[in-house]
Amino acid sequence: MSCIFCQIANKEIPSQFLFENDNLVAFRDLNPQAPVHILVVPKMHISSMNEITSENSSVVAEIFEAINKIAEQEGIKESGYRVISNCGDDGCQSVKHLHFHLVGGKKLSETLS
Ligand code: AMP
Ligand code: ZN
């Protein structure tokens, strides 16, 4: 299966991780939309938020714990930030492997859509 985020998480594509544990990785977005733009990705292939179940949801809690640590590492914990997960066509999800954008380092738009 040629899923780009599986390949990054499995280290088939070299990438610099800002955070890694047994279940997730975090790395900088290729096309940053803000001074801090990091993707937090489960190692397990989950296609989107639609596929979160009671069997795999513990990784989502871990992702949010990691986001907390990464925000501190990046110096944006106090200034604030936004976490986004796009889902499906209307959500403009381009990579079909669950991921959370951690965006900050500047005042973000007040509108979401
Ligand atoms: P989404 O549109 O929510 O599916 O977001 C996918 C994100 O992945 C986009 O912001 C892309 O810039 C980013 N992206 C795609 N390929 C890579 C890659 N190889 N390394 C880092 N970020 C990537
Ligand atoms: Zn994948």
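Summarised in this report is the structure supplied together with it. All values reported here derive from a predicted model rather than from experimental measurement.

As for the packing of aromatic side chains
Here is step 1 of the chain: Counted according to the given criterion, the structure contains 3 aromatic pairs.
Here is step 2 of the chain: Pairing Phe-17 with Phe-27 gives two aromatic rings, centres 6.5 Å apart and planes at 45°, and the pair type is tilted. Here Phe-17, found in strand E1 (residues 17-20), pairs with Phe-27, found in strand E2 (residues 24-28); they are 10 residues apart in sequence, far enough to count as distant.
Here is step 3 of the chain: Here Phe-17 falls in the partly exposed class, since its relative accessible area comes to 21%.
Here is step 4 of the chain: A residue is classified by how much of its surface remains accessible, and Phe-27, at 4% relative accessible area, is buried.

So, the site of ligand 1
Here is step 1 of the chain: With respect to spatial proximity, 15 residues lie near ligand 1, and among them Asp-29, Asn-86, Ser-94, Val-95 and His-101 are the closest.
Here is step 2 of the chain: With respect to ligand 1, the backbone of Leu-30 contributes an N or O atom lying 3.1 Å from a nitrogen atom.
Here is step 3 of the chain: Asn-86 is positioned such that a nitrogen or oxygen atom in its side chain is 2.8 Å from an oxygen atom of ligand 1.
Here is step 4 of the chain: For ligand 1, whose accessible area on its own is 500 Å², the fraction buried by protein is 81%.
Here is step 5 of the chain: The cavity that encloses ligand 1 is the largest pocket.
Here is step 6 of the chain: For the shell around ligand 1, the elements supplying multiple residues, two or more each, are helix H1 (4-9) and E2.
Here is step 7 of the chain: Split into classes, the residues belonging to the shell around ligand 1 amount to 7 nonpolar, 6 polar and 2 charged.

Here we look at the environment of Leu-98
Here is step 1 of the chain: Secondary-structure assignment places Leu-98 in the loop between strand E4 (81-84) and strand E5 (100-104).
Here is step 2 of the chain: Using a relative accessible area of 1% as the deciding quantity, one classes Leu-98 as buried.
Here is step 3 of the chain: As a C-alpha pair, Leu-98 and Val-60 span 38 residues in sequence and 9.7 Å in three-dimensional space.
Here is step 4 of the chain: Apart from residues lying up to four places away in sequence, Leu-98 is in contact with Val-41, Pro-42, Ile-46, Ser-47, Ser-48, Met-49, Ile-52, Val-60 and Ser-85.

With respect to the pattern of salt bridges
Here is step 1 of the chain: Summed over the entire model, instances satisfying the criterion amount to 3 salt bridges.
Here is step 2 of the chain: Where Glu-20 meets Lys-11, a salt bridge forms, and the shortest distance between an N and an O atom there is 2.8 Å.
Here is step 3 of the chain: Judged by its relative accessible area of 35%, Glu-20 is partly exposed.
Here is step 4 of the chain: Residue class for Lys-11 comes out exposed when judged on its relative accessible area of 51%.
Here is step 5 of the chain: A salt bridge links Glu-74 to Arg-28; the nearest nitrogen and oxygen atoms lie 3.1 Å apart. You can see Glu-74 sitting in the loop between helix H2 (58-73) and E4 and its partner Arg-28 sitting in strand E2, a full 46 residues away along the chain.
Here is step 6 of the chain: On the basis of relative accessible area, Arg-28 is assigned to the partly exposed category, the value being 44%.
Here is step 7 of the chain: Salt bridges linked by common partners bring Lys-11, Glu-20 and Lys-43 together as one network.

The rules behind the values
Residues numbered from 1 in each chain as written. Chains lettered and ligands numbered in written order. Predicted model: local features only at pLDDT ≥ 70, side-chain atom pairs only at ≥ 80, totals over all residues. Heavy atoms only, no water. Phe/Tyr/Trp six-rings, centres within 6.5 Å; stacked < 30°, edge-to-face > 60°. Helix = DSSP H or I, 4+ residues; strand = E, 2+ residues; numbered from the N terminus. Buried < 20%, exposed > 50% of the residue type's maximum accessible area, 1.4 Å probe, protein only. Near = heavy atom within 4 Å. Polar contact = N/O pair within 3.5 Å; in protein donor to acceptor, adjacent residues only side chain to side chain. Areas by Shrake-Rupley, 256 points an atom, 1.4 Å probe, with all protein chains shown as cover. 1 Å grid on protein atoms, 1.4 Å probe; cavity = no way out; pocket = protein on both sides within 12 Å on 5 of 7 lines; lining within 4 Å. Sits in = over half its atoms within 2 Å of the grid points. Nonpolar A, V, L, I, M, F, W, Y, C, P; charged D, E, K, R; others polar. Contact = heavy atoms within 4.5 Å. Salt bridge = Lys/Arg side-chain N within 4 Å of Asp/Glu carboxyl O.

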